[in-house]
Amino acid sequence: MAVRTLRRFLAAIVLTALTVAPAAACFGPKLYVGVTAGPRQEMLFALVSLYVQEKTGVESERKGLSIADDPGRALAAEQVDLVFAAAPLSGAETVLAIPGYPVLVSGSRPLNDLQFTTVVPALRKLATLLTPRDLVALEARIAAGDKPLAAARWLCMERRWL
């Protein structure tokens, strides 16, 4: 009788431990985005990271690059998964390009890694939604004192993209 009670008790503990373990590991995958200091890239990073997280659940982490850093080299060395560049980079896929603004170029992880399969389609969808006029409005809000992330959220909510 005592053995049966002990087995049930241990089974209950094991089941409890198994159900708690997945909840502790709720942190999803992250993409590292290369951003050179500057208002346009900061604004685009805020917009891209917000949109991608809302649409796919994938978080983006900003990785600062100096002006002297070559975005293509950072991407090739896999220091970043996505990078903003002045122009498309040879040998890399451009996933977001709005005329007059830096382009967003993808490395291999967002294109080939199974956990990021929804990211590139989300970025391509954003590219079809965004216009230079939207980005001018975003820049105006930031110049008026809004934080880039707050301005990006305003734009996405105003356009009903989120």
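Higher on the page you've got the structure.
Residues numbered from 1 in each chain as written. Predicted model: local features only at pLDDT ≥ 70, side-chain atom pairs only at ≥ 80, totals over all residues. Heavy atoms only, no water.

(A) Spotlight on the overall build of the protein. Scanning the protein for helices and strands turns up 7 helices and 5 strands. Ordered by position from N to C terminus, the α and β elements of the protein give α-β-α-β-α-β-β-β-α-α-α-α. Long-range pairs, those at least 24 residues apart, make up 66% of the contacts in the protein with a sequence separation of at least 6. Roughly 9,600 Å² of accessible area belongs to the protein as shown, and the carbon and sulfur atoms make up 59% of that amount. (Helix = DSSP H or I, 4+ residues; strand = E, 2+ residues; numbered from the N terminus. Contact = heavy atoms within 4.5 Å. Areas by Shrake-Rupley, 256 points an atom, 1.4 Å probe, with all protein chains shown as cover.)

(B) Inspection of the sheet that holds strand β2 (residues 59-65) at higher detail. Within the open sheet, the 5 strands sit side by side as β2-β1-β3-β5-β4. Their pairing is mixed. Bordering the open sheet on either side are β2 and β4 (93-96), each of which pairs with just one other strand. Sheet twist, expressed as the mean angle between neighbouring strand axes with direction ignored, is 35°. In this structure, β4 lies alongside strand β5 (residues 103-106), joined through 3 bridges in antiparallel fashion. Within β5, the position partnered with Leu96 by the bridge is Leu104. Its contacts with the sheet put helix α2 (residues 39-56) on β1 (30-36), β2, β3 (82-85), β4 and β5, and the angle it makes with β2 is roughly 160°. (Pairing = 2+ DSSP bridges. Axes fitted to C-alpha atoms, helices over the stretch in contact; angles between N-to-C directions.)

(C) How the structure looks around the pairing of β2. As paired strands, β1 and β2 are joined by 7 bridges and run parallel to one another. Following the sheet pairing, Lys30 is matched in β2 by Glu59.

(D) Seen up close, the pattern of salt bridges. If you walk through the whole model with that rule in mind, you get 8 salt bridges. Of the charged contacts, one joins Arg40 and Glu139 as a salt bridge, the two residues approaching to 2.8 Å between their closest N and O atoms. Separated by 99 residues along the polypeptide, Arg40 in helix α2 and Glu139 in helix α6 (residues 132-143) bring together distant segments of the chain. A residue is classified by how much of its surface remains accessible, and Glu139, at 23% relative accessible area, is partly exposed. (Salt bridge = Lys/Arg side-chain N within 4 Å of Asp/Glu carboxyl O. Buried < 20%, exposed > 50% of the residue type's maximum accessible area, 1.4 Å probe, protein only.)

(E) Quick peek at the packing of α6 against helix α7 (residues 148-158). In the contact formed by α6 and α7, the axes pass within 9 Å of each other and the chain directions differ by 140°. What the angle tells us is that α6 and α7 run oblique. Where α6 crosses over α7, the handedness of that crossing is right-handed. Here Asp134, Leu138, Arg141 and Ile142 of α6 lie close against α7, whose contacting residues are Pro148, Ala151, Ala152, Trp154 and Leu155. Within the contact of α6 with α7, the residues separate by chemical class into 7 nonpolar, no polar and 2 charged. (Parallel < 35°, antiparallel > 145°, perpendicular 65-115°, else oblique. Left-handed = near helix turned anticlockwise from the far one by under 90°. Nonpolar A, V, L, I, M, F, W, Y, C, P; charged D, E, K, R; others polar.)

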